[in-house]
Amino acid sequence: MIMKPYKNISLSRLGMGNMRLPLRTDLEGSPIDREKAQEIIDCAMSGGINYYDTAYVYNSGDSEKFLGEAMSKYPRESYCLATKFNIGANPDYKAVFEEQCNRLNTDHFDFYLVHAVMDHNYKKYEESGCIEYFKELKKQGKIRYLGFSNHASPDILKYFRDLYEWDFIQLQLNYYDWQYGTAKSEYDICAEKKIPVIVMEPVRGGRLASLTPEADELLKSAHPSWSIASWALRWVKSLPQVQVVLSGMSDMEQIRDNISTFGEADELSADDTKLLMKACDMFRNQMQVPCTACRYCCDECPAKIDIPNILMIYNNYRLSGDWVLDGLKSSDKPGPADCIGCKKCTGHCPQGIDVPKIMDELKVKLADK
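The shown structure was predicted, so the numbers you read here are calculated from the model rather than taken from an experiment.

Draft legend 1. Spatial organisation of the packing of helix H3 (residues 93-103) against helix H5 (residues 130-139). At a minimum axis separation of 10 Å, H3 and H5 run at an interaxial angle of 45°. Our classification of the angle between H3 and H5 gives oblique. On the side of H3, the interface is formed by Tyr93, Lys94 and Phe97, while H5 contributes Cys130, Tyr133, Phe134 and Leu137. Within the contact of H3 with H5, the residues separate by chemical class into six nonpolar, no polar and one charged.

Draft legend 2. Up close: the packing of aromatic side chains. Summed over all chains, the structure comprises 27 aromatic pairs. Both rings, one in Phe85 and one in Phe134, keep their centres 5.7 Å apart while their planes meet at 65°; by these two values the pair is edge-to-face. On the criterion of sequence distance, the pair formed by Phe85 in strand E5 (residues 80-85) and Phe134 in helix H5 is long-range, its members being 49 residues apart. The two residues Phe85 and Phe134 agree in class, both being buried. With 5.4 Å between their ring centres and 85° between their planes, Phe97 and Phe109 make a pair best called edge-to-face.

Draft legend 3. Representation of the nonpolar core. With 90 residues, the main nonpolar core has Met16, Tyr52, Phe134 and Leu173 as its most contacted residues. Ignoring any residue separated from it by four or fewer positions in sequence, one finds Tyr52 in contact with Met16, Asn18, Ile41, Ala44, Met45, Leu67, Met71, Tyr79, Cys80, Leu81 and Ala82. Among the nonpolar cores identified, the runner-up in size contains 23 residues, and Ile305, Tyr317, Leu325 and Ile353 belong to it.

Draft legend 4. Molecular detail of unusual backbone geometry. Although it is not a glycine, Asn105 sits at a positive phi angle of roughly 50°. Within the fold, Asn105 resides in the loop between H3 and strand E6 (109-117). Given a relative accessible area of 52%, Asn105 falls into the exposed group. The phi torsion at Glu201 lies on the positive side, around 55°, for a residue other than glycine. Among the secondary structure elements, Glu201 is positioned in the loop between strand E9 (197-200) and helix H9 (213-222).

Cut-offs and rules
- Residues numbered from 1 in each chain as written.
- Predicted model: local features only at pLDDT ≥ 70, side-chain atom pairs only at ≥ 80, totals over all residues.
- Heavy atoms only, no water.
- Axes fitted to C-alpha atoms, helices over the stretch in contact; angles between N-to-C directions.
- Helix = DSSP H or I, 4+ residues; strand = E, 2+ residues; numbered from the N terminus.
- Parallel < 35°, antiparallel > 145°, perpendicular 65-115°, else oblique.
- Contact = heavy atoms within 4.5 Å.
- Nonpolar A, V, L, I, M, F, W, Y, C, P; charged D, E, K, R; others polar.
- Phe/Tyr/Trp six-rings, centres within 6.5 Å; stacked < 30°, edge-to-face > 60°.
- Buried < 20%, exposed > 50% of the residue type's maximum accessible area, 1.4 Å probe, protein only.
- Core = buried A, V, L, I, M, F, W, Y, C linked by side-chain atoms within 4.5 Å.

By themselves, these are just geometric observations and shouldn't be taken as functional.
Written as C-alpha cells, this is what we have:
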C-alpha cells in the first residue's frame, strides 16, 4: 500500500469508505451484513489501509455502529477514524459527538468533518456554534484534525474555506466532474491554500466503473489488466494535493482490485491521460441527449411539459442513477406520464431528439419506483 505523509503521521493513499457496505436485504430495514462487511474490513486492514471513513447518517447510523464493532479487534492506534456531523440530521452537535463516540467505541476521532456543506446550509453551520465547539474538542485531543466535506458551489466553498484554518477538505473529485463539472475549480480553491484533499466519489458512485462498450474497449486496448474503475483511481491519486482517495467498497472483488491499484506508485502517462479524456468524451456523448434548452419543443406541447427540464433530469439519471428521478416522482407538474406521444416536439427539435421515446422510458422507470 502506498503511504503519504500527513503532518506528523502517515496515511494510506486508499481509504475505506463505509457508506456502501453489503446489506442484509432479507431483514427489515436492510441492516449491514456484518459477516460480509467484516471480511471487507479485515481485507482492508491486511492490505495496509489505515483510514476509515463513516458518518452519523450512513445507513441510518448502522455504519458507525458496525465500524465500532468491526474495528474493536484492532489496536486503536493502528488505524485512523473519520466521521462527520450533519446539522440536518440532528443540530445538537454536543449530543451527536457523544453518541458517535459510543457508537464507534472511541474517546477521540482522528479526522472529524462538518458534513455536506451546501449552498443552502453553510450559514446554519457557521451560525450554530458547532465549529467553535469542535475547535475546543480539538484542543482537548478529542479531535485530531478538523475539516469539512463539500457539496457547495465554488464561491461558497471558498467562503467556508476561509472561516477557519481547516486541516483538510473532502471533495467529490473524479475525471468526469473535472471535465464537465466544478471539480477542478474546487480542487484549485483547496490547492490555493495548500489544504490537503480527501477525495470522495472518485468513481462517481460506481458510474465510472464501466463507461460504454466503445469507451471501455479503448481503455482496455491500452492496459488490458487494468479495470475500468482503476483508471479513475489512478487519475485522481496523481493530483498532488490529494492525500487520501476514499472508495466505498461493497464486495471483495472491489477491495482486492483497489488495493492492487494502490500498491503501485506508477502514475498515468501523458498518453494514458489523453486516452482517458477521450473515453470520457465518448461516454458523455453516448450517455446524454444533446438538448440545448432552446425550448422550441414547448409551445405546442398539449400537455405543457417542461421538456428541456425533463431532458436535463434524464441526462442526470443516465449518469448518476435512479435516485435522480425521485423529484419527478413527487412533482405535481406535468411530466413523462402526461406525454401522449404526439411528436410535435420532435418536429420542432433542431437536434432531432426523439422526445416521446425518452418520455416512455421514464414512464416505465417511474412506474417501477
